[in-house]
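Coordinate inspection notes
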Amino acid sequence: MTVKKVATVIGVGPGLGAALARRFAADYVVALVARNGEKLIELAREISAAGGTSLAVPADASKEQEIVGAFERIHRELGDTDVLLYSAAMRPVGTLMDTKPSTFENTWRVSSFGAFLAAQQVVPAMLKKRQGVILFTGATAGVKPFATSAAFGPAKFALRGLAQVMARDLGPKGIHVAWINVDGAIDTPAIREFYPQLKEEDMLKPAAIADTYWHLAHQDPSARTLDIDLRPFKEKF
């Protein structure tokens, strides 16, 4: 186990998840959780080269036993999670009749059910310490979804609801819970490929988003945020 605090990032992709891992690795030992183990190892090596410490933990956030197993390993090798950053998500596009039941269920499992499972794994230790941070990555679909967000919208609504329930329950017990509405396209290679018309200033920079998560994770208990919106200055809302 480490003397440093532990931050666990679930949903470590090439954009926001990786940026969160890099940002928190500056002062935390970071557990990296995602399905693609090879990509996790690459990021772990990058963090190590920069002087940080991380642990790659391949797991599917939508499956209870894999989440339980992942946190058992994190606890065994690093210790209790002090900061949980949940960014796992699916973003299918489709109206009600375009959406398969399996797509609806899988989107909910990854975006919401996985967050529920992960929170249950970290909250007991946080309650004993009377401190901890849980940050959920949301989207505008969790507030005002498009007609083509038949699966994504309900999943993000559920995640936002979970955050509110947890904040009311756990906030008075020392645990800070927040939901971050990332309103806009995140600057990643995939987004640039699919939307070549987007300009540099049209997209959210992953590192800039990660700075806000860092701020939220270190807010004074007397002035904490539950909901926050992040969007490019040109984004309409």
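These lines cover the structure that appears in this document, whether it is placed above or below. (Residues numbered from 1 in each chain as written. Predicted model: local features only at pLDDT ≥ 70, side-chain atom pairs only at ≥ 80, totals over all residues. Heavy atoms only, no water.)

Things to note about the sheet that holds strand β7 (residues 227-230)
Strand order across the open sheet formed by seven strands is β3-β2-β1-β4-β5-β6-β7, with parallel pairing between neighbours. The sheet is open, and its two borders are formed by β3 (54-58) and β7, each paired with just one other strand. Taking each pair of neighbouring strands and ignoring which way they run, the sheet shows an average axis angle of 15°. Two strands pair when backbone bridges link them, and strand β1 (residues 6-10) and strand β2 (residues 29-34) are joined in this way by five bridges, in the parallel orientation. The partner of Ile-10 across the bridge, within β2, is Val-33. Contacts from helix α1 (residues 16-24) reach β1, β2, β4 (83-86) and β5 (132-138) within the one sheet, and its direction differs from that of β1 by about 175°. Its contacts with the sheet put helix α5 (residues 152-170) on β5, β6 (175-182) and β7, and the angle it makes with β6 is roughly 155°. (Pairing = 2+ DSSP bridges. Helix = DSSP H or I, 4+ residues; strand = E, 2+ residues; numbered from the N terminus. Axes fitted to C-alpha atoms, helices over the stretch in contact; angles between N-to-C directions. Contact = heavy atoms within 4.5 Å.)

Quick word on the pattern of salt bridges
A side chain of one charge can pair with a side chain of the opposite charge when the charged atoms of the two come close. A complete count under the given rule lists 17 salt bridges for this structure. In this structure, Lys-63 and Asp-60 form a salt bridge, with 4.0 Å as the shortest nitrogen-oxygen distance. Note on Lys-63: relative accessible area 45%, which makes it partly exposed. Arg-192 is the partner of Glu-200 in a salt bridge, and the nearest nitrogen-oxygen pair spans 2.8 Å. Under the relative-accessibility criterion, Arg-192 is labelled partly exposed at 41%. Salt bridges sharing partners connect three or more residues here, namely Asp-187, Arg-192, Glu-200 and Lys-205. (Salt bridge = Lys/Arg side-chain N within 4 Å of Asp/Glu carboxyl O. Buried < 20%, exposed > 50% of the residue type's maximum accessible area, 1.4 Å probe, protein only.)

Regarding the side chain of Thr-81
When you line up the elements, Thr-81 lands in the loop between α3 (64-77) and β4. Those residues within four positions of Thr-81 in sequence are excluded, and the remaining contacts are Val-6, Thr-8, Phe-71, Ile-74, Val-122 and Met-126.

Quick look at the side chain of Gln-219
As for its placement among the helices and strands, Gln-219 is situated in the loop between α7 (206-217) and β7. A distance of 2.8 Å separates the side chain of Gln-219 from the backbone nitrogen of Thr-225, its partner in a polar contact. Ignoring sequence-local partners within four residues, the contact set of Gln-219 consists of His-176, Arg-224 and Thr-225. (Polar contact = N/O pair within 3.5 Å; in protein donor to acceptor, adjacent residues only side chain to side chain.)

A word on the packing of α1 against α7
Closest axis-to-axis distance for the α1/α7 pair is 8 Å, and the angle between their directions is 55°. Here α1 lies oblique to α7, going by the angle between them. Crossing geometry of α1 relative to α7 is assigned as right-handed. Along the contact surface, α1 presents Leu-16, Ala-19, Leu-20, Arg-23 and Phe-24, while α7 presents Pro-206, Ala-207, Ile-209, Ala-210, Asp-211, Tyr-213, Trp-214 and Ala-217. (Parallel < 35°, antiparallel > 145°, perpendicular 65-115°, else oblique. Left-handed = near helix turned anticlockwise from the far one by under 90°.)

What about the nonpolar core?
Grouped together as the largest cluster of nonpolar side chains are 37 residues, with contacts concentrated most on Ile-10, Ile-134, Phe-136 and Val-177. When residues in this core are grouped by element, the largest group, nine residues, is from helix α4 (residues 101-129). Discounting chain neighbours no more than four positions away, the residues touching Ile-134 are Leu-84, Val-122, Val-123, Met-126, Met-166, Ile-175, His-176, Val-177 and Ala-178. Among the nonpolar cores identified, the runner-up in size contains 35 residues, and Phe-24, Ile-47, Leu-85 and Ile-186 belong to it. (Core = buried A, V, L, I, M, F, W, Y, C linked by side-chain atoms within 4.5 Å.)

Describing helix α2 (residues 37-49)
Here α2 spans 18 Å end to end across 13 residues, near enough to the 18 Å set by a 1.5 Å rise per residue. Among all positions in α2, only Gly-37, Leu-40, Leu-43, Ala-44 and Ile-47 are buried. Viewed end-on, α2 has its buried residues packed into an arc of 120°, placing them on one side of the element. Away from its buried face by more than 90 degrees, α2 exposes Glu-38, Arg-45 and Ala-49. Buried residues along α2 sit against α1, β2 and β3. Capping the start of α2, Asn-36 holds a side-chain oxygen 3.1 Å from the backbone nitrogen of Glu-38, two or three residues further along. (Expected span 1.5 Å × (residues − 1). Arc of directions from axis to C-beta.)

Thoughts on the pairing of β5
Extensive coverage of β5 is indicated by the burial of seven of its seven residues. Judged by which residues are buried, β5 turns out to be covered on both faces: Gly-132, Ile-134, Phe-136 and Gly-138 on one side and Val-133, Leu-135 and Thr-137 on the other are all buried. Strand direction decides the pairing type here: β4 and β5, joined by four bridges, are parallel. Counterpart to Leu-85 in the pairing with β5 is Leu-135. The parallel pair β4 and β5 is bridged by α4, and the resulting crossover is right-handed. Handedness of the crossover joining β5 and β6 through α5 is recorded here as right-handed. (Right-handed = clockwise from strand over helix to strand, strands pointing away.)

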